[in-house]
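In case you want the letters, here they are:
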Amino acid sequence: ATIEAARRKGFRRFVLQTNAILLTPGLRERLVRLGVRSYMVSFHSHRPALYDKITGSRRLFSKAAAGLAGLIRDEGCHVTVNVVVNAANYRDLPGLMGFIGGLAAGLPRRRRPGVYFSMINEFGHEKAPAWTVDLAQVAPFLRRAEQRCRREGLRVESLGSETAFPACLFQDPGRHAARRAFPQDRVRDAEEFSGAPESIGRAKRPACRRCAFDAKCLGVPARYARMFGLGALKVPSRRSHA
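Residues numbered from 1 in each chain as written. Predicted model: local features only at pLDDT ≥ 70, side-chain atom pairs only at ≥ 80, totals over all residues. Heavy atoms only, no water.

## What about the side chain of Asn 89?
Here is step 1 of the chain: For Asn 89, the position within the fold is in the loop between strand 3 (78-85) and helix 5 (93-103).
Here is step 2 of the chain: Among the polar contacts listed, one links the side chain of Asn 89 to the backbone oxygen of His 44, at a separation of 3.0 Å.
Here is step 3 of the chain: Reaching out from Asn 89, the side chain makes a polar contact with the backbone nitrogen of Asn 86 at a distance of 2.8 Å.
Here is step 4 of the chain: Sequence-distant contacts of Asn 89, that is, excluding residues within four places in its chain, are made with His 44, Leu 50, Ile 54, Val 83 and Val 84. (Helix = DSSP H or I, 4+ residues; strand = E, 2+ residues; numbered from the N terminus. Polar contact = N/O pair within 3.5 Å; in protein donor to acceptor, adjacent residues only side chain to side chain. Contact = heavy atoms within 4.5 Å.)

## Some remarks on the confidence of the model for the chain
Here is step 1 of the chain: Scored by pLDDT, the chain comes out at a mean of 91, with 95% of its residues at no less than 70.
Here is step 2 of the chain: Helix 5 holds the highest mean pLDDT among the elements of the chain, 98, whereas helix 1 (residues 2-8) holds the lowest, 75. (pLDDT = per-residue confidence, 0-100.)

## Remarks on the sheet that holds strand 8 (residues 220-221)
Note on sheets: strands pair through backbone hydrogen bonds, and any given pair is parallel or antiparallel.
Here is step 1 of the chain: Read from one edge to the other, the open sheet built from 3 strands follows the order 6-7-8, with strand pairing classed as mixed. Unpaired on one side and paired on the other, strand 6 (187-189) and strand 8 mark the two borders of the sheet.
Here is step 2 of the chain: Where strand 7 (residues 202-204) and strand 8 come together, 2 bridges link them in antiparallel fashion. Bridge pairing links Arg 202 to Pro 221 in strand 8. (Pairing = 2+ DSSP bridges.)

## Describing the packing of helix 4 (residues 61-73) against helix 5
Here is step 1 of the chain: Between helix 4 and helix 5, whose axes approach to 9 Å, the crossing angle comes to 55 degrees. Considering their axes alone, helix 4 and helix 5 lie oblique with respect to each other. Where helix 4 abuts helix 5, its residues Phe 61, Ala 65, Leu 68, Ala 69, Ile 72 and Arg 73 lie against Phe 99, Gly 102 and Leu 103.
Here is step 2 of the chain: Looking at the contact of helix 4 with helix 5, its residues break down into 7 nonpolar, 1 polar and 1 charged. (Axes fitted to C-alpha atoms, helices over the stretch in contact; angles between N-to-C directions. Parallel < 35°, antiparallel > 145°, perpendicular 65-115°, else oblique. Nonpolar A, V, L, I, M, F, W, Y, C, P; charged D, E, K, R; others polar.)

## What to know about the sheet that holds strand 4 (residues 114-119)
Here is step 1 of the chain: The 5 strands lie next to each other as 1-2-3-4-5, forming an open sheet whose pairing is parallel. Single-partner strands in this sheet number two, and they are strand 1 (14-18) and strand 5 (155-156).
Here is step 2 of the chain: Both strand 2 (residues 36-42) and strand 3 contribute to a ladder of 5 bridges, which runs parallel. Along strand 3, the bridge assignment pairs Ser 42 with Asn 82.
Here is step 3 of the chain: Contacting strand 1 and strand 2, helix 2 (residues 25-33) crosses the sheet at an angle of about 130 degrees to strand 2.
Here is step 4 of the chain: This element, helix 4, spans strand 2 and strand 3 of the sheet and lies at about 140 degrees to strand 3.

Next comes the structure, spelled out in structure tokens:
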């Protein structure tokens, strides 16, 4: 009903954020007819028990996987899989990329889905600290996932929001850095944040200002910096700037 009302007002292009659980073939067909061809699908684990733990659901993995697979294989759909990286799933990122690649097996590269890796935001660091993780631990697995995406023909989407990881965590930061600059007014540069006031929004190391991607990066949430420090942030080598 919402999409139909929007169409009556002249809108023709839509992006649907979904977990894909309710996207039966009939509903997908109806949505495509209404002009919904772009989908951002939240899918955080290929392990059923871990999927339930992360999403707070029970036995919905098979429906989510079937819905995601259906979207990927619908020729009229453009799919991006959003993975929120956390303490429970970061070690499984390469395997998850393999699972997503399997759902797209046999499709030409132009029809395979993209993957967006999301970092837990400021609110998440405050409300769910047990799910947070030191990015120094995440980085090796993120890079292996990046490599697995290439083997599977999956696009790693550019980092374009405040949930984006710093580009320096990737093996090929120049390929994945945001396409636009971000306002830096909420970002504070310091080496130590353990005693920083709650009002600070984002954090970077002073060395980050030498990075070619500095203007396109918001660093990390200040609460993350207070919990884990900023040792994971490294200025990429010049070879990574292309």
